[in-house]
Amino acid sequence: LHAAWQPHRVHNREDAMKVIHRSDSLLMLEDRPWLLGLFLIAMALVFLVSGMAMMAAGEGLWGLFMALIGVGVPLLIASLMVQRVRLTFDRSSGQLTRTRRSIRGLTQESHPLDRLVEAFVDASSDGDGTTYRMDLRLRNPPQILPFTSYHTSGRKPEQMAQAVNDWLAGSP
């Protein structure tokens, strides 16, 4: 795991990422970014109401522009970023499966469990600080499989990586 792991961002989606099942033969992790989804819906509604108010005040073109752009941009962001991700590690089937569900549909990819080397924390730094994401290192061929499409502050990526590595080692 990343040795200098320090959260720096206020934005925190820890409550969305969790272990949903753990046994000797099965480990399931899930990320449900419901706070981001609610924020984007609220943002779209604010712009829609503002645009409608502008149209009612006689500024039809600007109100229509405000409503279309203000609703369209959050919906576009939601369609690209808001997705429920579930990782399933199944010893009985020998499979690692990543399932992603969003408004664009369901995608699922599976890999043989014996390709999994480890889970680790990837760090991304910019002017606002450092954020983290749990990734899976696969072998034959070498591949990095990210748990989520985003990096976040908080300790959940580290906790999820530790849960995967403990499960792989046979620890509870």
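To be clear, the structure that these remarks concern was listed above.
Here's what I pulled together on the structure shown here.

## Remarks on the nonpolar core
No. 1: Membership of the largest hydrophobic core comes to 22 residues, with the highest contact counts inside it found for L29, F89, M134, L136 and V164.
No. 2: Going through the elements one at a time, strand 2 (26-31), strand 3 (83-90), strand 6 (116-126), strand 7 (129-138) and helix 3 (156-169) are the ones with two or more residues in this core.
No. 3: Residues within four places of M134 in sequence aside, it is in contact with L29, L87, A119, F120, P146, F147, P157, M160, A161 and V164.

## Some remarks on the pattern of salt bridges
No. 1: Taken as a whole, this structure holds 8 salt bridges when the rule is applied.
No. 2: Note that E30 and R84 form a salt bridge whose closest N and O atoms lie 3.7 Å from each other. Placement of E30 in strand 2 and of R84 in strand 3 is noted, with a sequence separation of 54 residues between them.
No. 3: For E30, a relative accessible area of 4% corresponds to the buried category.
No. 4: Taken together, the salt bridges that share partners define one network made up of E30, R32, R84 and R86.

## Details of the sheet that holds strand 7
No. 1: Pairing in this open sheet of 3 strands is antiparallel, and the strands run 6-7-8 from one edge to the other. Each of the sheet's edge strands pairs with one partner strand only, and the pair in question is strand 6 and strand 8 (143-146). Adjacent strand axes in the sheet meet at a mean angle of 40° when their direction is disregarded.
No. 2: Sheet topology note: the strand 6/strand 7 ladder contains 10 bridges and is antiparallel. Considered in strand 7, the bridge of S125 is made with T130.
No. 3: Across the sheet, helix 3 touches strand 6 and strand 7, and the angle it forms with strand 6 is around 170°.

Conventions we followed
- Residues numbered from 1 in each chain as written.
- Predicted model: local features only at pLDDT ≥ 70, side-chain atom pairs only at ≥ 80, totals over all residues.
- Heavy atoms only, no water.
- Core = buried A, V, L, I, M, F, W, Y, C linked by side-chain atoms within 4.5 Å.
- Buried < 20%, exposed > 50% of the residue type's maximum accessible area, 1.4 Å probe, protein only.
- Helix = DSSP H or I, 4+ residues; strand = E, 2+ residues; numbered from the N terminus.
- Contact = heavy atoms within 4.5 Å.
- Salt bridge = Lys/Arg side-chain N within 4 Å of Asp/Glu carboxyl O.
- Pairing = 2+ DSSP bridges.
- Axes fitted to C-alpha atoms, helices over the stretch in contact; angles between N-to-C directions.

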